[in-house]
Amino acid sequence: MEEEIAYLKGLNDAQREPVLHKDGALMVIAGAGSGKTRVLTYRIAHLMAQGVDSFNILALTFTNKAAREMKKRIADIVGSSEAKNLWMGTFHSVFAKLLRFDGSKLGYPSNFTIYDTQDSQRLIASIIKEMGLDKDIYKYKQVQNRISSYKNSLITVKAYYQNPELVEADAMAKRPRLGEIYQNYVDRCFKAGAMDFDDLLLRTNELLTRFPEVLMKYQDRFRYILVDEYQDTNHSQYLIVKALADRYQNICVVGDDAQSIYSFRGANISNILNFQRDYEDVGMYRLEQNYRSTKNIVNAANSIISNNKNQLEKVVWTANDEGNKIIIHRSITDAEEGRYVASSIWDNRMNHQMGNGEFAVLYRTNSQSRAIEDALRKRDIPYRIYGGLSFYQRKEIKDVLAYLRLVINPKDEEALKRVVNFPARGIGQTTIDKLVVAANHYGRSIFEVMDNLPKLNLKINSGTQRKLEDFVTMIKSFQIMNEGSDAFTLAEHVSKKTGLLLEFKKDGTPEGIGRMENIEELLNGIKDFVEGQKELADATGNISEFLEDVALATDLDKDTGDDDRVALMTIHLAKGLEFPYVYIVGMEEDLFPSAMSMNTRSELEEERRLFYVALTRAEKQAYLTYTQNRYRWGKLIDAEPSRFLEEIDEQYVDNLTPVNDGYRYKSMIDANIFGEVDKSKLRQVKPQNGTPPPVGSPNANQLRKLRKLKPELSKPSKSTNVIDPNLEEGSLVNHTRFGKGQVLKIEGVGNDKKAEIKFERGDIKKLLLRFAKLEVLS
Ligand SMILES: Nc1ncnc2c1ncn2[C@@H]1O[C@H](COP(=O)(O)OP(=O)(O)OP(=O)(O)O)[C@@H](O)[C@H]1O
Ligand SMILES: [Mg+2]
């Protein structure tokens, strides 16, 4: 009879079993893309179809987005609005809701505030300051981490003091007063009627243990409990689930030990291993068929994860197409990496009629988004940053840009209003209002009014008048400096001289420091821009060129309501999601694997699982990119390719083409993949030193050597080229930044040789061949 239920046709045999499993405990352990989430979804639909009241079902997902999608899918399957009644969401959102009902028993108001991580960090930073502790020893982020991990292990302040090992460990780490900070922090949150993220779990546990009648109520309510991504539940979450499921034991969990990536937040893989011990008569299911990805991607992912010693035995295969090989791309700088990603997305969109939403760019840390964002903006490719603000939307970035705009155009009113009193210099709103009135009256700009105060009787007191004049003088001094300086030199000077950097630095809060770091990152970007402009024969690299560049770009920030955007996010956030095209950027040692996670085997294995998660997000095509040099704090750092690149079985990878400056992955690879360029027409550039380049993909050994091969060029500014003798008028070329184009004209000799090129994007540029990153296609 069950075979007749139409929706079960959407499942294979192995998936159908756990969906149809009767009451009791069951667990599905299976690799990425094998339909675990699908099983969970269908099981809920099936329960409802069998008459289980939707009010009695609790489903815990990894993201709220996943919950929304699941609800929609369930509504589709059971064809009713009943799905609305399901309690479904992340642990945090579901238990925040529960605490709003019953948290009053613990003394919290029902409208308690939820502190996000930044709020918590800020509070901890001020407690450290108030206690007069050394902030270099008591680093607020570390302290917050520590407190968070105690909470997730249900170690209250009292329990902390009762555990000599913990107290000792903190004392050894020169933080003997950590317990006091913890106590103060808890008190302050409580007094403020606030819970932090960890409290949402900790207090739920407290509620369920201290008040049996509350526990009974929810046990009775949630007769069926389902948990996605079970491998990443922490101890606190584990205990909540266990308590709630204890009465009926109708619990279904799905997970993949190979995708456990939150142990740094206390996730505990033993939850999976102990499941059979925790419940009676557990139904165990395995799924092996991956429906998401091509054979190449599935096999490559398997080859990576096989390097981990600690893992459950598992098979993953797919009946999907072979697909394209994974593309590895090397660039000289992170900016070039961004441009490669943008141009590749551009090409894929064109050649495969793809929407922007079918692309994702994944990175290990948030700050990597800047270079990618810059490149996407330049190509007018809409994107969305998940889990953070887009770079140019940030307040401090807008502040710096406002000053720079004023240097170029003091009449820029918005810019002037934004910064005339920031950092604060005692120019109040009344004064500004007077200036605006006068400006309107005389038909002049506010700046001009400010510049002529003695002649205009505006009834502004002499003290304020002086402050206004100082501001004018400062902007004028920037203008003078601008005449002989490039954009970076000026921007750095402006950031310091205006007091912006200092303002955020002395603020001392985590937020202030974050803002300061963002300004540094902006300066990195400007520096890189200046280097790039050196290629252009008619560019100077000054600030107005930079601003023009950004102005075009920032238009993209305006929300057009268009949801078709490239997704940018950290790998951690990408868990459970899927995209046809996935770019994993920054495949470099110390970045991925992260420098902070290489001390023990288990840390390294977690990084490897993270890589496995990243790669298995891709349906059709995966790109892995890395760069030889990366800007950090305005300095160029040598980077080595990630060890993970070597770990992929080479048969699934399309790799580098050697060129004269050591090796370089060339954009011919992607051109070739998408059938635009006949590979045989691509010439290989001869090496300078006479040794013929190895042909084809390098093997692991070659890659290893490559990792050791120090980049010849430690700064892009020095990266002068040997001009390709085949370059002539009419040649088809590919530029790392501007894409494909045709040479219209060549002029000059020697170091001055320039080419005028019409690019496919529509613009004509004159490039200095000595610097231009050009490749001759034919
Ligand atoms: N039997 C099936 N028929 C068709 N498509 C399927 C089937 N099973 C799964 N899929 C599709 O395969 C993709 C992967 O499924 P799903 O997201 O459920 O896998 P998962 O095991 O949860 O993956 P992850 O480990 O990444 O969370 C989804 O697009 C899903 O709709
Ligand atoms: Mg899933």
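Note that the coordinates shown come from a computational prediction; the quantities given were computed from them, not determined experimentally.

Novice: I keep staring at the overall build of the protein chain and nothing clicks. Help me out?
Specialist: A count of helices and strands for the protein chain gives 31 helices and 25 strands. In the protein chain, which comprises 778 residues, the share counted as buried stands at 55%. When the accessible surface of the protein chain is split by element, carbon and sulfur atoms take 49% of a total near 34,500 Å².

Novice: Mind showing me how you'd approach the site of ligand 1 here?
Specialist: The immediate surroundings of ligand 1 are formed by 19 residues, with Lys-36, Thr-37, Gln-259, Glu-578 and Arg-617 found nearest. Lys-36 has a polar side-chain atom sitting 2.7 Å from an oxygen atom of ligand 1. One of the side-chain N or O atoms of Arg-38 is found 2.8 Å from an oxygen atom in ligand 1. About the coverage of ligand 1: the protein hides 82% of its 630 Å² of free accessible area. Tallying contributions element by element places helix 2 (residues 36-49) first for the shell around ligand 1, with three residues. Classifying every residue of the shell around ligand 1 gives three nonpolar, ten polar and six charged.

Novice: How should the sheet that holds strand 2 (residues 57-60) be read in this particular structure?
Specialist: Ordered by their spatial adjacency, six strands build an open sheet running 3-2-6-7-1-8, and the pairing between neighbours is parallel. Looking at which strands have only one partner, the edges of the open sheet turn out to be strand 3 (87-89) and strand 8 (283-287). Within this sheet the neighbouring strands show an average axis-to-axis angle of 10 degrees, counted without direction. Alignment of strand 2 against strand 6 (residues 224-227), held across four bridges, turns out to be parallel. Within the sheet, the bridge partner assigned to Leu-58 lies in strand 6 and is Ile-225. Seen against the sheet, helix 12 (residues 235-245) touches strand 2, strand 6 and strand 7 (251-255) and runs at an angle of roughly 155 degrees to strand 6.

Novice: Got a minute to help me understand helix 22 (residues 462-484) in this structure?
Specialist: An α-helical turn contains 3.6 residues, so a residue and the one three or four places further along point in the same direction. Look at helix 22: 34 Å from first C-alpha to last across 23 residues, which is about the 33 Å you get at 1.5 Å a residue. Within the span of helix 22, buried status applies to Thr-464, Gln-465, Leu-468, Phe-471, Val-472, Met-474, Ile-475, Phe-478 and Asn-482. For helix 22, the capping residue at the N-terminal end is Asn-461, with a side-chain oxygen 3.1 Å from the backbone nitrogen of Gly-463.

Novice: I would appreciate a short explanation of the confidence of the model for the protein chain in the present structure.
Specialist: The predicted coordinates should not be examined in detail at positions where pLDDT is low. Averaged over all residues, the pLDDT of the protein chain is 84; the fraction at 70 or higher stands at 87%. Low pLDDT, under 50, characterises residues 657-719; the stretch is placed with 125 contacts to residues that sit more than four places away or in other chains. Interface scoring of the predicted complex returns ipTM 0.99; its pTM is 0.69.

Novice: Hey, could you run me through the packing of aromatic side chains in this one?
Specialist: A ring pair, where both rings are aromatic, is described by two values, the distance of the centres and the angle of the planes. Taken as a whole, this structure holds 20 aromatic pairs when the rule is applied. Considering the side-chain rings of Phe-529 and Phe-546, the 5.3 Å spacing of their centres and the 75 degrees angle between planes classify their relative orientation as edge-to-face. Here Phe-529, found in helix 25 (residues 510-533), pairs with Phe-546, found in helix 26 (residues 543-554); they are 17 residues apart in sequence, far enough to count as distant. The same class applies to Phe-529 and to Phe-546, which are both buried.

Novice: Got a minute to help me understand the nonpolar core in this structure?
Specialist: Most often, soluble globular proteins have nonpolar side chains that are buried together. Among the nonpolar cores identified, the biggest contains 53 residues, and Leu-404, Leu-435, Met-450, Phe-471, Ile-526 and Phe-546 are the most heavily contacted of them. Apart from residues lying up to four places away in sequence, Ile-526 is in contact with Ala-487, Phe-488, Ala-491 and Phe-546. Counting 42 residues, the second-largest nonpolar core is a separate cluster that includes Ala-258, Ile-304, Val-613 and Leu-624.

Novice: I keep staring at the side chain of Asp-528 and nothing clicks. Help me out?
Specialist: Within the secondary structure layout, Asp-528 lies in helix 25. No salt bridge is formed by the buried Asp-528. Its closest oppositely charged neighbour is Arg-339, at 4.2 Å.

Novice: Would you mind showing me how to read helix 28 (residues 601-615) here?
Specialist: Over its 15 residues, helix 28 extends 21 Å from the first C-alpha to the last, a length consistent with the 21 Å expected when each residue adds 1.5 Å. Of all 15 residues in helix 28, twelve are buried, a share of seventy percent or more. Listed in full, the buried residues belonging to helix 28 are Leu-604, Glu-605, Glu-606, Glu-607, Arg-608, Arg-609, Leu-610, Phe-611, Tyr-612, Val-613, Ala-614 and Leu-615.

Novice: Where do I start with the pairing of strand 14 (residues 566-570) in this structure?
Specialist: Put simply, side chains in a regular strand alternate between the two faces of the sheet. Counting buried residues along strand 14, five of its five residues qualify, which places the element largely inside the surrounding structure. The two faces of strand 14 match: Val-566, Leu-568 and Thr-570 on one face and Ala-567 and Met-569 on the other face are all buried. One ladder, built from four bridges, connects strand 12 (residues 359-363) with strand 14; its direction is parallel. The residue of strand 14 that forms the bridge with Leu-362 is Met-569.

Novice: What is the right way to look at the sheet that holds strand 25 (residues 774-776) in this model?
Specialist: Strand pairing in a sheet takes place through backbone hydrogen bonds and is either antiparallel or parallel in direction. Taking strand neighbours across the sheet as the criterion, the five strands line up as 24-23-22-21-25 in an open arrangement whose pairing is antiparallel. With one partner strand each, in any of the chains shown, strand 24 (764-768) and strand 25 form the two edges of the open sheet. Ignoring strand direction, the axes of neighbouring strands in this sheet form an average angle of 40 degrees. Strand direction decides the pairing type here: strand 22 (residues 739-747) and strand 23 (residues 754-759), joined by six bridges, are antiparallel. Across the sheet, residue Lys-745 finds its bridge partner in strand 23, namely Glu-756.

Novice: What's the story with the pairing of strand 8 in this structure? I'm lost.
Specialist: Residues Gly-283, Tyr-285 and Leu-287 line the buried face of strand 8, whereas the alternating positions Met-284 and Arg-286 sit on a face that is not buried. With five bridges connecting them, strand 1 (residues 26-30) and strand 8 associate as parallel partners. Following the sheet pairing, Val-28 is matched in strand 8 by Tyr-285.

Novice: Mind showing me how you'd approach the pattern of salt bridges here?
Specialist: In a structure, side chains of opposite charge can pair up when their charged atoms sit close to one another. Inspection of the entire model under this criterion finds 38 salt bridges. Between Arg-177 and Glu-180 there is a salt bridge whose closest N-O contact spans 3.0 Å. Arg-630 serves as the salt-bridge partner of Glu-588, at 2.8 Å between the closest nitrogen and oxygen. Taken together, the residues span a long stretch of sequence, with Glu-588 in the loop between strand 15 (579-584) and helix 28 and Arg-630 in strand 16 (residues 618-632) at a distance of 42 residues. By relative accessible area, Glu-588 is classed as buried at 2%. Within this structure, Lys-151, Asp-196, Asp-199, Arg-203, Glu-206 and Arg-210 form a network of salt bridges that share partners.

Novice: Just checking my understanding: could you explain the side chain of Asn-356 for this structure?
Specialist: Within the fold, Asn-356 resides in the loop between helix 16 (334-352) and strand 12. If we skip the residues at most four places from it in the chain, Asn-356 touches Arg-349, Ile-381, Pro-382, Asp-564, Arg-565 and Val-566.

Novice: Where do I start with the packing of helix 6 (residues 140-152) against helix 9 (residues 178-191) in this structure?
Specialist: Describing two packed helices takes the angle between their axes plus the distance from one axis to the other. Packing of helix 6 against helix 9 brings their axes to within 11 Å, and their N-to-C directions diverge by 75 degrees. In terms of orientation, helix 6 and helix 9 fall into the roughly perpendicular class. Packed against helix 6, whose contacting residues are Val-143, Arg-146, Ile-147, Tyr-150 and Lys-151, the element helix 9 presents Leu-178, Ile-181, Tyr-182 and Tyr-185 at the interface. When grouped by side-chain class, the residues that make up the contact of helix 6 with helix 9 number seven nonpolar, no polar and two charged.

Novice: So what exactly am I meant to see when it comes to the packing of helix 16 against helix 17 (residues 369-378) here?
Specialist: With their axes 8 Å apart at the nearest point, helix 16 and helix 17 run at an angle of 45 degrees to one another. As judged from the angle between their axes, helix 16 and helix 17 are oblique. Classified by chirality, the crossing of helix 17 by helix 16 is right-handed. Across the interface between the two elements, Asp-334, Ala-335, Gly-338, Arg-339, Ala-342 and Ile-345 from helix 16 touch Ala-371, Ile-372, Ala-375 and Leu-376 from helix 17.

So, how was this worked out
- Residues numbered from 1 in each chain as written.
- Chains lettered and ligands numbered in written order.
- Predicted model: local features only at pLDDT ≥ 70, side-chain atom pairs only at ≥ 80, totals over all residues.
- Heavy atoms only, no water.
- Helix = DSSP H or I, 4+ residues; strand = E, 2+ residues; numbered from the N terminus.
- Buried < 20%, exposed > 50% of the residue type's maximum accessible area, 1.4 Å probe, protein only.
- Areas by Shrake-Rupley, 256 points an atom, 1.4 Å probe, with all protein chains shown as cover.
- Near = heavy atom within 4 Å.
- Polar contact = N/O pair within 3.5 Å; in protein donor to acceptor, adjacent residues only side chain to side chain.
- Nonpolar A, V, L, I, M, F, W, Y, C, P; charged D, E, K, R; others polar.
- Pairing = 2+ DSSP bridges.
- Axes fitted to C-alpha atoms, helices over the stretch in contact; angles between N-to-C directions.
- Contact = heavy atoms within 4.5 Å.
- Expected span 1.5 Å × (residues − 1).
- pLDDT = per-residue confidence, 0-100.
- Phe/Tyr/Trp six-rings, centres within 6.5 Å; stacked < 30°, edge-to-face > 60°.
- Core = buried A, V, L, I, M, F, W, Y, C linked by side-chain atoms within 4.5 Å.
- Lys, Arg positive; Asp, Glu negative; His and termini not counted.
- Salt bridge = Lys/Arg side-chain N within 4 Å of Asp/Glu carboxyl O.
- Parallel < 35°, antiparallel > 145°, perpendicular 65-115°, else oblique.
- Left-handed = near helix turned anticlockwise from the far one by under 90°.

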